[in-house]
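# Summary of the model geometry
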There are 2 protein chains.
Amino acid sequence: MGLDYRIKACPDGLMTDRRHNVKVLDCTIRDGGCCNEWQFEKELVARTFQALRDGGVDYMEIGYQTTDGVYDDAKAGPWRFCREDDLREVADRSNMKLSIMLDWGRATKEMIVPKSETIVDVIRVATYAKDVEGTIDLLEHAQGLGYETFCNVMAVSTCTPQEVDVFLEKLRNSGVPNVALVDSFGAMYPHHVRYLIRKYKNWLRPDQKLGVHMHNNQQTAFANSIVAIEEGADVIDATIHGIGRGAGNCPIELLLMYLDDPRYDVRPILGLIDDYADMRDDLRWGYHLPYVINGWLNLHPKSSIERMSRDDRYDTVRDYYETLTRNRPTPRHHRPPAE
Amino acid sequence: MGLDYRIKACPDGLMTDRRHNVKVLDCTIRDGGCCNEWQFEKELVARTFQALRDGGVDYMEIGYQTTDGVYDDAKAGPWRFCREDDLREVADRSNMKLSIMLDWGRATKEMIVPKSETIVDVIRVATYAKDVEGTIDLLEHAQGLGYETFCNVMAVSTCTPQEVDVFLEKLRNSGVPNVALVDSFGAMYPHHVRYLIRKYKNWLRPDQKLGVHMHNNQQTAFANSIVAIEEGADVIDATIHGIGRGAGNCPIELLLMYLDDPRYDVRPILGLIDDYADMRDDLRWGYHLPYVINGWLNLHPKSSIERMSRDDRYDTVRDYYETLTRNRPTPRHHRPPAE
């Protein structure tokens, strides 16, 4: 193709080399399910599977598996449980790897069937820094059963640099082949991502791959994913139209256009965009100030999701901000009152 | 404040030094007016002026001035004309500089009154690379009348590097004190901005200041503004809730939180967010795929705005994409059909 015709003022042919090794993991159904209790219709999930596969996406994460009794079957949809029968109704073996997520604390070794009995290829466990040891044990067990595995350490923005070193050293000494940097709170700016990706890569073995899962509270999920790619991340999480918990994730269509690689074809995914865009008013992911404020304050999204779910809006955005900042160290930009 | 408490895992105290010289230019009414024909109520514009002033924002761009006959007074609201009486109803002299924009080709020297006869402090002219010479002449005239001036060269993403050099050399040899990098089409990724800011700074004299005006088609307006700040840009354009033509601009609330500087107080602006957020369904700025596609293809936003304004949506997002890409060089990610 020679020079990139899109930006004549900035020839960027030299920027494309390293992108060819990046892999894309779609978690539309898994993380998007946090917005609608995993109640996506099977017909839509089947079309999503086909579109992602036809688009050349590397991984599709189709839901969570959970121990019995944690979620009510009557309330939570099938993608919170990922029973084999449900999976086979909408998906099949293909070049695209099928992934499920387990939550540390709601998962046991007994839940995991041998790889030969399922169409699932990949198991990712979402965990916290303090639980990494147990998580490694669970992931090594899953690997023994034939799965590719990922350790996703959530809420790393609440750890000290020393706490990060501690869990990365444990992962370095483990058999876990993939580790993901997770910005659970949507708190990170690009320079945070750059710092952390370098830290992760310095600790992990060269044969261990690095994933990233960004949240979009401050409209940085896509830009943070670009920084991660620039710094050598291997697997980027994204979702259709950015659907996902709270503000949502990196939109996969932006990512595929950016990668601009013949391995991918964005058109089948664009063919699904209208279906997902139509859900946005109801499910309310995207750019909304309560999410922004929680991200900026490095807070769990819970309170912002609760605020967004209320229709009455008895408090304004400013009230919401004042309530959250009342008992916290004063942000620098709060000027002292004039004398 | 010591270490940034927000991101424990990435101490970033060292990142804050250069931000203290950044200035913020709000263009909510001027660029947001492109969404509603500048029909903002005077009461809202007055409250916006007060909130920006109380928030410590450095510049407020309140609208356009236009030669007679280009816009219909019956259709376009007061902020397309910025008549002195209208301005004085909503604004006043303060520490915040009041700015207006002129469009090259719809502006004459005769329009510009001496600075002493108006509360306007700043004149920015939006122009194209080919018209920079005439624009410099107009801006130098405005400076002679007492104004601070900016030359905003639009659509730079359609220029070759050599064309950029040519107009930057002219600006270097001019009396214009401020030049702005403008991503009119929302086409730029962070590496484009990094490249162009360095190019602009290399050409301009040390006493000339560099502004940036980013569009948010690909959710990069804020991240691109961060890159610009990292590379030494001096003045960042932003709008409340990101309102602006097409996908809109960098949200000012994100920018002020990022800068986290005691010169600014985001709270008065958060107090206005609900007013602007309520317009979003009608005015349809924000993340929508037609804008994404135009940005990625480095196209003028016109066709995407037209597409977004139709309620019938007879074509899908995929159709829209196929139509636009039919007669263009094939994006790399369009794989050849299987044999």
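Residues numbered from 1 in each chain as written. Chains lettered and ligands numbered in written order. Predicted model: local features only at pLDDT ≥ 70, side-chain atom pairs only at ≥ 80, totals over all residues.

As a further point, take the overall build of chain A. If you tally the helices and strands in chain A, you get 13 helices and eight strands. Here the C-alpha radius of gyration of chain A, 20 Å, is about what a compact globule of 339 residues would show, namely 20 Å. With the C-alpha coordinates of chain A rotated into their principal frame, the extents come out at 70 × 55 × 45 Å. Every one of the 339 residues in chain A was classed for burial, and the buried ones make up 51%. For chain A, restricting intrachain contacts to residue pairs at least 6 apart in sequence, the fraction spanning at least 24 positions comes to 75%. (Helix = DSSP H or I, 4+ residues; strand = E, 2+ residues; numbered from the N terminus. Rg over C-alpha atoms; globule rule 2.2 N^0.38 Å. Buried ≥ 20, exposed ≤ 12 C-beta atoms within 10 Å, placed from the backbone. Contact = placed C-beta atoms within 7 Å.)

The subject of this paragraph is the interface of chain B and chain A. Across the contact, 64 residues belong to chain B and 64 residues belong to chain A. Among the secondary structure elements, those contributing two or more residues to the side of chain B that touches chain A are helix H5 (161–172), helix H6 (190–203), helix H7 (221–230), helix H8 (252–259), helix H9 (267–277), helix H11 (289–296) and helix H13 (317–325) of chain B. Looking at the side of chain B that touches chain A, its residues break down into 38 nonpolar, 14 polar and twelve charged. (Nonpolar A, V, L, I, M, F, W, Y, C, P; charged D, E, K, R; others polar.)

To characterise two packed helices, one gives the angle between the axes of the helices and the distance between these axes. Residues and elements named next belong to chain A. Direction vectors running N to C along helix H5 (residues 161–172) and helix H6 (residues 190–203) enclose 40°, while the axes themselves pass 9 Å from each other. Comparing the axis directions of H5 and H6 gives the class oblique. In this structure, H5 meets H6 at a crossing whose hand is right-handed. The residues of H6 that touch H5, namely those facing Val164, Asp165, Leu168, Glu169 and Arg172, are Lys199, Tyr200 and Trp203. (Axes fitted to C-alpha atoms, helices over the stretch in contact; angles between N-to-C directions. Parallel < 35°, antiparallel > 145°, perpendicular 65-115°, else oblique. Left-handed = near helix turned anticlockwise from the far one by under 90°.)

Structurally, the α-helix is built with 3.6 residues per turn, so residues lying three or four positions apart point the same way. Residues and elements named next belong to chain B. Burial analysis of H7 places nine of its ten residues in the buried class, the great majority of the element. Those residues of H7 lying buried are Ala221, Phe222, Ala223, Asn224, Ser225, Ile226, Val227, Ala228 and Ile229. Of the residues flanking the end of H7, it is Gly232, one or two places downstream, whose phi is positive at about 100°.

Once that is clear, we can look at the sheet that holds strand E7 (residues 209–214) of chain B. All names here are of chain B. If you walk around this closed barrel you meet the eight strands as E1-E2-E3-E4-E5-E6-E7-E8, and the pairing is parallel. Along the sheet, successive strands turn relative to each other by an average axial angle of 25°, direction set aside. Across five bridges, strand E3 (residues 97–103) lies against strand E4 (residues 122–127) in parallel orientation. What sits directly across from Met101, in E4, is Arg124. Here H7 sits on the sheet and contacts strand E6 (178–183), E7 and strand E8 (235–238); the angle it forms with E7, its principal contact strand, is near 165°. (Pairing = 2+ DSSP bridges.)

A word on the environment of Arg19(B). Residue and element names in this part refer to chain B. Of note, Arg19 is situated in the segment before strand E1 (23–26). Look at Arg19 and you get partly exposed, because 15 C-beta atoms sit within 10 Å. Along the chain, Arg19 and Leu256 lie 237 residues apart, while their C-alpha atoms are 11 Å from each other. Excluding residues within four positions of it along the chain, Arg19 makes contact with Ile229, Leu259 and Asp261.

In this section: the relation of the copies chain B and chain A. When chain B is fitted onto chain A, the two copies agree to an RMSD of 0.0 Å after a turn of 180° and an axial shift of 0.0 Å. On the angle and the small slide along the axis, the relation comes out as a two-fold axis. Interface overlap between copies: 100% of the residues of chain B at the interface are likewise at the interface in chain A, consistent with a symmetric, same-surface contact. (Least-squares fit on C-alpha atoms with pLDDT ≥ 70 in both.)

Let's shift gears to the sheet that holds strand E8 (residues 235–238) of chain A. Residue and element names in this part refer to chain A. One closed barrel holds the eight strands; their spatial order is E1-E2-E3-E4-E5-E6-E7-E8, and the pairing between them is parallel. Going across the sheet, the axis of each strand differs from the next one's by a mean of 25°, ignoring polarity. As paired elements, strand E1 (residues 23–26) and strand E2 (residues 59–65) share two bridges and run parallel to each other. Across the sheet, the residue bridging to Asp26 is Met60, located in E2.

All right, on to the domain arrangement of chain A then. Residues and elements named next belong to chain A. Here the domain parsing of chain A yields domain 1 (18–279) and domain 2 (288–325). The distance between the C-alpha centroids of domain 1 and domain 2 comes to 26 Å. On the domain 2 side, the residues contacting the ten residues of domain 1 number twelve residues. Of the residues that constitute the side of domain 1 that touches domain 2, the class distribution is three nonpolar, six polar and one charged. (Domains from an automatic or database assignment.)

A word on the packing of H8(B) against H9(B). All names here are of chain B. Across the interface, H8 lies against H9 with an axial gap of 10 Å and an inter-helix angle of 160°. Viewed along their axes, H8 and H9 adopt a mutual orientation that is roughly antiparallel. In terms of crossing hand, the pair formed by H8 and H9 is left-handed. Across the interface between the two elements, Ile252, Glu253 and Leu256 of H8 pack against Ile269, Leu270 and Ile273 of H9. Looking at side-chain class alone, the contact of H8 with H9 contains five nonpolar, no polar and one charged residues.

The next subject is the pairing of strand E5 (residues 148–153) of chain A. Residue and element names in this part refer to chain A. Burial runs high along E5: five of the six residues are buried. Relative to E5, strand E4 (residues 122–127) is paired through six bridges, and the arrangement is parallel. Considered in E5, the bridge of Ala126 is made with Asn152. Following the backbone out of E4, through helix H4 (residues 132–144) and into the adjacent parallel E5, one traces a crossover that is right-handed. Note that E5 and strand E6 (residues 178–183) share four bridges and pair parallel. Bridge pairing in E6 links Val153 to Leu181. With H5 bridging E5 and the parallel E6, this β-α-β connection has right-handed handedness. (Right-handed = clockwise from strand over helix to strand, strands pointing away.)

Glancing now at the pairing of E8(B). Residue and element names in this part refer to chain B. Burial along E8 is two-sided: the residues Val235 and Asp237 and Ile236 and Ala238 are all buried. Sheet topology places E1 next to E8; four bridges connect them, and they run parallel. If you follow Val24 over to E8, its bridge partner there is Ile236. In this fold, E7 hands off to H7, which returns the chain to E8; that crossover is right-handed.

Keep in mind that low pLDDT regions are not for reading the predicted coordinates in detail. On average, residues of chain A score 92 in pLDDT, and 92% of them reach the 70 mark or higher. Scored as a complex, the prediction yields pTM 0.95 and ipTM 0.94. (pLDDT = per-residue confidence, 0-100.)

Here the focus is helix H13 (residues 317–325) of chain A. For H13(A), the full list of buried residues reads Val317(A), Tyr320(A) and Tyr321(A). What you see down the axis of H13(A) is that its buried residues fit within an arc of 95°, all on one side. Buried residues along H13(A) sit against helix H11 (289–296) and helix H12 (302–309) of chain A together with H9 of chain B. (Arc of directions from axis to C-beta.)

Residue and element names in this part refer to chain A. Along the chain, Glu140 turns up in helix H4. With 34 residues separating them along the chain, Glu140 and Ser174 place their C-alpha atoms 8.1 Å apart. Discounting residues that sit within four places of it in the chain, Glu140 has contacts with Ser174 and Gly175.

With 218 residues, the main nonpolar core has Cys151(A), Ile236(A), Leu255(A), Cys151(B), Ile236(B) and Leu255(B) as its most contacted residues. Beyond its immediate stretch of four places on either side in the chain, Ile236(B) contacts Val22(B), Val24(B), Leu25(B), Val212(B), Ser225(B), Ala228(B), Ile229(B), Cys250(B) and Leu255(B). (Core = buried A, V, L, I, M, F, W, Y, C linked by C-beta atoms within 7 Å.)

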